[in-house]
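Coordinate inspection notes
Given next are the chains, with one letter for each unit.
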Amino acid sequence: MVTSEATPYAKTGGLADMVAALSRQLAENGHEVKVLLPLYGSLSRLEDLTALPAPFRVNLPDALWCRLWQAKPADNLTLYFLQYDRFFGRPELYTGPYGAHGDNPERFCLLSRAAIDLPNYLHWIPDVFHLHDWMTALVPVYLETVARSGPLEHTASLLTLHNLAHQGFAPRSILNFAGLPEDLFRPDALESCGSVNFLKGGIYFANKLTTVSPTYAEEIRRPEFGHGLHPILSFRGGDLIGILNGIDRHIWDPQSDPAILKNYSADDLSGKQECRMDLLHRCDFLSRENEPLFGIISRLDRQKGLDILLEILPSLLGDLPGSYVFLGSGERALEERLQELANGYPGRVFCRIGYDEDLAHKIEAGADFFLMPSRFEPCGLNQLYSMAYGTLPIVRATGGLRDTVDNYDGLGGGTGFVFNDLSPAALRRTIGWAIDTFLNRPDAILALRRRAMGRDFSWPASARAYEHCYRWALEKKL
Ligand code: ADP
């Protein structure tokens with residue numbers, strides 16, 4: 001695995017959870033799994049790391065000498081952390097106070113080239129490189145060009161697309177830094193609109209491609225979702241499939257979660273009621289105890305559709321019962337708007353701007369409903385966590401949300417509330433339907449919670465699907 005993030009060491013989103021859980025599951029299945037990621041200035045759990053004695057030379061044209069650290073959290077599983085402080089020593093993974101780091105292309109070029117050089121350092125040849133998003137998308141490019149012959153000639157590559165909105169653009173000169181041939185600057189390789197596009201290169205050169213849900217795998221072949229890459233995703237469509245992410249039950253299980261006030265299960269939901277009271281208390285919502293409580297945990301990004309929710313929130317608060325707790329960080333304008341709403345509606349809207357794992361667990365356990373009105377959603381994890389905690393997701397039918405949440409049909413089915421159009425009116429209607437169900441049909445809500453908690457989104461099945469893909473990639477390579 002080559003990745004820019006992995007839980008619990010460095011995380012900005014679902015990618016980190018997926019890499020950690022899949023790696024652990026594959027190791028449990030008996031595979032020898034090695035994970036390479038950067039040693040960021042903000043890395044957590046430094047106490048788990050030990051330094052490898054020999055310096056590590058990364059063979060870019062200007063060779064860079066790095067240091068490697070390792071952690072062994074489980075049998076068959078080793079993580080290697082690449083230390084090169086000039087690139088990775090700062091705390092933020094991708095974006096500093098003034099926007100995306102200007103040297104991101106060089107930083108992740110170094111990570112990708114390090115992946116190519118690591119097997120030689122370890123005297124260990126992997127069968128497959130599993131890459132994630134643009135940050136590691138140059139690995140297949142190296143494998144099929146400058147590293148095509150030599151010790152990695154039989155090593156296959158699988159690139160997982162977690163989010164096409166980020167593609168890694170760089171000026172042409174990055175090819176010199178990377179030590180990649182100039183002739184790759186062409187539209188059927190790395191060139192895109194006059195720049196180098198890391199992700200495009202990865203899509204062209206990886207042996208196989210996956211996304212994190214079947215619906216997203218279909219959607220991205222269309223212009224509305226392809227972010228300009230839909231022609232090549234259609235071209236490579238025969239090698240592209242979607243595999244749903246699972247839930248890491250070591251971290252997200254209401255029966256054992258240490259972050260919540262009281263553990264509970266589908267058979268006995270009394271603990272959920274206590275978690276709900278705890279959350280109401282924390283948010284100063286106690287006067288709204290009998291009204292539905294909505295939770296939102298999200299990157300504050302256009303992708304997540306929260307601008308639509310914030311547009312209708314004042315009228316929802318005016319017309320309908322309910323209170324709203326937000327946890328998130330991201331775009332400054334959204335952060336400010338949320339803060340304004342929280343100030344304007346104390347006792348009904350609470351917001352915590354920032355990243356807070358502990359509060360995230362408390363929201364999942366304590367809320368009645370979880371809102372995800374995403375414009376697009378490659379998989380989405382929070383709706384899965386919500387269902388596991390008996391918190392009913394209200395989601396737009398896109399990507400992984402469509403694949404994982406069944407709409408409440410008013411009869412005997414469903415695990416949440418699903419709407420199609422991303423419009424203020426459709427979102428409002430669906431929230432209204434959820435509020436009405438909560439207030440007038442408590443039995444239906446209880447049945448929905450139990451059905452949601454009974455859904456199985458565990459990693460073993462998804463890891464098996466990845467094993468098939470690895471074999472498939474190897475066959476293609478040989
Ligand atoms: P994405 O990867 O697009 O951000 P996902 O739903 O796949 O969305 O994964 C988001 C992950 O990040 C979840 O584990 C979620 O709980 C977590 N997360 C997002 N924002 C925060 C936050 N502000 N505090 C704590 N956890 C967060």
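Figured I'd write up the structure that's included with this text. A quick note: this is a predicted structure, and the numbers were derived from the prediction, not measured. (Residues numbered from 1 in each chain as written. Predicted model: local features only at pLDDT ≥ 70, side-chain atom pairs only at ≥ 80, totals over all residues. Heavy atoms only, no water.)

1. A short note on the environment of H132
If you trace the backbone, H132 turns up in strand β8 (residues 128-132). For the pair H132 and L161, spaced 29 residues apart in the sequence, the C-alpha separation amounts to 6.3 Å. When sequence neighbours within four positions are dropped, the list of residues in contact with H132 reads M1, V2, T3, L15, M18, V19, L159, T160 and H162. Within the structure, H132 has its side chain in polar contact with the side chain of H162 (distance 2.9 Å). (Helix = DSSP H or I, 4+ residues; strand = E, 2+ residues; numbered from the N terminus. Contact = heavy atoms within 4.5 Å. Polar contact = N/O pair within 3.5 Å; in protein donor to acceptor, adjacent residues only side chain to side chain.)

2. Here's the deal with the site of the ligand
Around the ligand, a shell composed of 18 residues is seen, among which G14, R299, K304, G354 and L381 lie nearest. Contact between the ligand and K11: an oxygen atom at 3.0 Å from a side-chain N or O atom of the residue. Within the backbone of L381, an N or O atom sits 2.9 Å from an oxygen atom of the ligand. Out of a free accessible area of 560 Å², the ligand has 93% covered by protein chains. Elements with a contribution of two residues or more to the shell around the ligand: α1 (14-28), β15 (293-300), β16 (323-330) and α14 (382-388). A total of three residues in the shell around the ligand trace back to one element, the largest contributor, which is β15. Split by residue class, the shell around the ligand holds six nonpolar, seven polar and five charged. (Near = heavy atom within 4 Å. Areas by Shrake-Rupley, 256 points an atom, 1.4 Å probe, with all protein chains shown as cover. Nonpolar A, V, L, I, M, F, W, Y, C, P; charged D, E, K, R; others polar.)

3. Regarding the sheet that holds strand β18 (residues 369-372)
With parallel pairing, the six strands of this open sheet are ordered in space as β17-β16-β15-β18-β19-β20. Because the sheet does not close on itself, it has two edges, and the strands there are β17 (349-353) and β20 (417-419). Within the sheet, the average angular offset between the axes of one strand and its neighbour, ignoring direction, is 15°. Both β15 and β18 contribute to a ladder of two bridges, which runs parallel. When the sheet's bridge partners are listed, F294 is paired in β18 with F369. Each of β15, β16 and β17 touches helix α12 (residues 332-344); the most contacted strand, β17, lies at about 145° to it. The strands that helix α17 (residues 442-454) touches are β18, β19 (392-396) and β20; relative to β19, the one it contacts most, it runs at about 80°. (Pairing = 2+ DSSP bridges. Axes fitted to C-alpha atoms, helices over the stretch in contact; angles between N-to-C directions.)

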